[in-house]
Amino acid sequence: MEYIRITSIDDPLFRKMHNLMKEVFPPEEVLEFSLWKEPLEDPGIRVFVALHDGEAVGATEYRYYDDWNVAMTDFTIIGREGLGIGRFLAENRLKDLQSLAAASGKELFGMFAEIYDPYRVQDHAFGGVKPMDPFVRREVLSHLGYKRTDLEYVHPSWNNDGEAVTGLDFCFMPGDDDMNELPAELIVNFLKRYYAVLPEKPQAWNDMVARLEQQDKVTLLPL
């Protein structure tokens, strides 16, 4: 299996990856094909595909913020069972991020991720791929060390229609597993930058950010 970075929508592998995204993610979570041009060309956004026998069988997108020394896992796709794709992607992603942090003389502080809560939302089939089942994914991410932030989380729809998307937890995998809280300011700054690309923000998102701005710390809870 190969771990290959995609930096252009003209790369034939991107068409394969985008089709895989549409098979496993709900429509509101998938950015339209042409809108990927700038993100793929952004050096701070890292999109990799797992290639097996010429086919895209998995993918992951993430980014590293040098000024905060944190990363964000945008998505992870496992398109086929029995190939160890999840471990392959997680290991290669962490190695890449650790090398980026090391280039700045740091050790990675941690990584954010939005994680579906299947106990609240049970209608996401994710293309029928069993490793993508929300219950499975949640437990795997817990094993990796992710913890959920203690807040009622919503995010803007990637359709940029101003709708609020619920049913997810905003989580963080600290470099130090004993860490049990985060500065609220870090979360606010991160969310504002991360969602700056979407001008249509739902009021529920604005309210959530406003509440965070009144806090000093946010507790990290078991996932």
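Above this note sits the structure.
Bear in mind the structure is a predicted one, so any value in this text is a computation, not a measurement.

S.K.: Please give an account of the sheet that holds strand S10 (residues 181–183) that cites residues and values.
M.R.: Read from one edge to the other, the open sheet built from nine strands follows the order S1-S2-S3-S4-S5-S9-S6-S11-S10, with strand pairing classed as mixed. Sheet topology places strand S1 (2–5) and S10 at the edges, where each strand pairs with a single neighbour. Averaged over all pairs of adjacent strands, the angle between their axes in this sheet comes to 30°, without regard to strand direction. In terms of strand pairing, strand S3 (residues 55–65) meets strand S4 (residues 70–78) through eight bridges, oriented antiparallel. Paired with Arg-63 across the strands is Met-72, a residue of S4. Lying over the sheet, helix H4 (residues 134–144) contacts S4, strand S5 (110–116), strand S6 (147–149) and strand S9 (168–174), oriented at roughly 160° with respect to S5.

S.K.: Run through the packing of helix H5 (residues 184–194) against helix H6 (residues 203–212), naming residues and quoting values.
M.R.: Axis separation between H5 and H6 bottoms out at 9 Å; the angle between their running directions is 150°. Overall, the two elements H5 and H6 adopt an arrangement that is roughly antiparallel. Considering how the two elements wind past one another, H5 and H6 form a crossing that is left-handed. Taken together, the residues of H6 that come into contact with H5 (itself represented by Ala-184, Ile-187, Val-188, Leu-191 and Lys-192) are Trp-205, Met-208, Val-209 and Leu-212. Tallied by class, the residues present in the contact of H5 with H6 amount to eight nonpolar, no polar and one charged.

Analysis parameters
Residues numbered from 1 in each chain as written. Predicted model: local features only at pLDDT ≥ 70, side-chain atom pairs only at ≥ 80, totals over all residues. Heavy atoms only, no water. Pairing = 2+ DSSP bridges. Helix = DSSP H or I, 4+ residues; strand = E, 2+ residues; numbered from the N terminus. Axes fitted to C-alpha atoms, helices over the stretch in contact; angles between N-to-C directions. Contact = heavy atoms within 4.5 Å. Parallel < 35°, antiparallel > 145°, perpendicular 65-115°, else oblique. Left-handed = near helix turned anticlockwise from the far one by under 90°. Nonpolar A, V, L, I, M, F, W, Y, C, P; charged D, E, K, R; others polar.

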